[in-house]
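Okay, here's what each chain looks like letter by letter:
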Amino acid sequence: MRKVIPLNFNWYFAPYEENHEKKRNLEDFKKVDLPHNAVDIPFNHFNEKMIETVSSYVLILDILKSWEDQLIKLQFEGVAHQAKVYANGKLVGSHKGGYTPFDVDLTGQVTYGEKNEIWVIVDSTEDKSIPPFGGVVDYLGYSGIYREVNLLVTDKQYIKDVFLHTDGQRKVYCDLEISQPMGEVEVAIYKSSNQMVTRKSVKVIHNTTQLELEIERPVLWDLRSHYLYDVVITYQVGDVVVDELHERLGIRKAEFKKDGFYLNGEKIKLLGLNRHQSYPYVGYAMPKRAQYDDAEILKYHLGLNIVRTSH
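Notes on the structure in this doc start here. (Residues numbered from 1 in each chain as written. Predicted model: local features only at pLDDT ≥ 70, side-chain atom pairs only at ≥ 80, totals over all residues. Heavy atoms only, no water.)

Turning next to the sheet that holds strand β18 (residues 229-237). Across the sheet, 4 strands lie side by side as β16-β15-β18-β19; this open sheet has antiparallel pairing. Strands at the two margins of the open sheet, each flanked by one partner only, are β16 (196-203) and β19 (240-249). Pairs of neighbouring strands in the sheet enclose a mean axial angle of 15°, with direction left out of account. Across 7 bridges, the pairing between strand β15 (residues 184-190) and β18 is antiparallel. (Pairing = 2+ DSSP bridges. Helix = DSSP H or I, 4+ residues; strand = E, 2+ residues; numbered from the N terminus. Axes fitted to C-alpha atoms, helices over the stretch in contact; angles between N-to-C directions.)

Structural data, given as structure tokens:
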């Protein structure tokens, strides 16, 4: 079954040096936690070039012997702006773009039952080949592994991706991508009281499939109730449940008409602000709890009902 293991503590950080290619002496590194900013930003009067750096991040990672027949992935939620990922000195993945998450497959690339060294080279210099750079950026890009990192461990037969969407009324669509075209997948939707409201299953014939479900008399999500359904997606091969995902779903219909914005058929006056994800001194590198706090300030303290997120 699926395990998601946070890897946000006990990293080692140092400005990149060429001798790191041969040996990384962790006594010369600083111990840090994620999210992390590679450069502390002065409050004012600084040169923006100071955040264009190259850094080394190292994590000593235990890989269990019992994972030998399973899929193992590192999941990065945000690295500014280029990353090269090494396992025990061997390049196992790379990514360009500071505003999109990415995975690195460690399966078969690590030593099982032992400690492994994960080394990430983070390049924060502006590169015209990476959007949105190229002379069009009017904000700071910052630097570092500025979002959380997880280790995903699953069976090799697993749910790769799921996308839930609705018609804004009774119908719910579940688009699924499965690692292998075999077995059966079931989607069950529950009310908050753990009462099942609908369920449907289908044989997995292709790697991608869609299930269409209906909810009788659905409770709609709106600006007052924020009602969410619980969705459980179960993937079974033979008699064995090999993977299971839990998601949440709100049903609502949002549309713009000539005279304004409508939510579930009700005209709503929009009141909002722009929100940047950057903070003093640390740039983007703030944990999830700070992002949640910011959202609560915008909604409950300032009384907003719409926010433009940036970037």
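Back to the text.
What follows is about the pairing of strand β12 (residues 149-154). With 6 of 6 residues buried, β12 is to be regarded as a mostly interior element. The side-chain alternation of β12 yields two buried faces, one formed by V149, L151 and V153 and the other by N150, L152 and T154. The pairing of strand β1 (residues 3-6) with β12 spans 4 bridges and is antiparallel. By the bridge assignment for β12, K3 is matched with V153. Relative to β12, strand β5 (residues 71-76) runs antiparallel, the two being bridged by 6 bridges. When the sheet's bridge partners are listed, L71 is paired in β12 with T154. (Buried < 20%, exposed > 50% of the residue type's maximum accessible area, 1.4 Å probe, protein only.)

So, on to the packing of aromatic side chains. Taken as a whole and assessed by the stated rule, the structure comprises 9 aromatic pairs. Taken together through their ring pairs, the aromatic side chains of Y99, Y142, Y146 and Y284 make up a single cluster. Here the guanidinium or amino end of R24 rests over the ring plane of W119, the centre of that ring lying 4.2 Å away. A cation sits over an aromatic face here: R252 above W221, 5.4 Å from the ring centre. (Phe/Tyr/Trp six-rings, centres within 6.5 Å; stacked < 30°, edge-to-face > 60°. Lys NZ or Arg CZ within 6 Å of the ring centre and 35° of its normal.)

Between its first and last C-alpha, helix α1 (residues 288-301) extends 19 Å over 14 residues, near the 20 Å set by a 1.5 Å rise per residue. For α1, the full list of buried residues reads A290, Q291 and L298. Angularly, the buried residues of α1 cover 105° about the axis, an arc narrow enough to put them on a single face. Across from the buried face of α1, at angles greater than 90 degrees, the exposed residues are R289, Y292, Y300 and H301. Looking at the buried positions of α1, the neighbouring elements they touch are β23 (272-276) and β24 (306-310). (Expected span 1.5 Å × (residues − 1). Arc of directions from axis to C-beta. Contact = heavy atoms within 4.5 Å.)

The subject of this paragraph is the pattern of salt bridges. Enumeration over the complete set of coordinates arrives at 17 salt bridges. Among the ionic pairs, E52 bridges to K49, the shortest N-O distance being 3.3 Å. You can call K49 exposed: its relative accessible area is 53%. A salt bridge links E177 to K160; its shortest N-O distance comes to 3.7 Å. Taken as a pair, E177 in strand β14 (residues 171-178) and K160 in strand β13 (residues 159-166) lie far apart in primary sequence, 17 residues in all. Its relative accessible area of 44% is what places K160 among the partly exposed residues. Look at the salt bridges and you will find they share partners, linking R170, E214 and E216 into a network. (Salt bridge = Lys/Arg side-chain N within 4 Å of Asp/Glu carboxyl O.)

Together, F256, L270 and I306 line one region of the surface with nonpolar side chains, adding up to about 290 Å² of accessible area. Looking at where F256 falls in the secondary structure, it is placed in strand β20 (residues 254-257). (Patch = residues over 30% accessible without salt bridge, like charges linked within 9 Å, V, L, I, M, F, W, Y side chains within 5 Å. Areas by Shrake-Rupley, 256 points an atom, 1.4 Å probe, with all protein chains shown as cover.)

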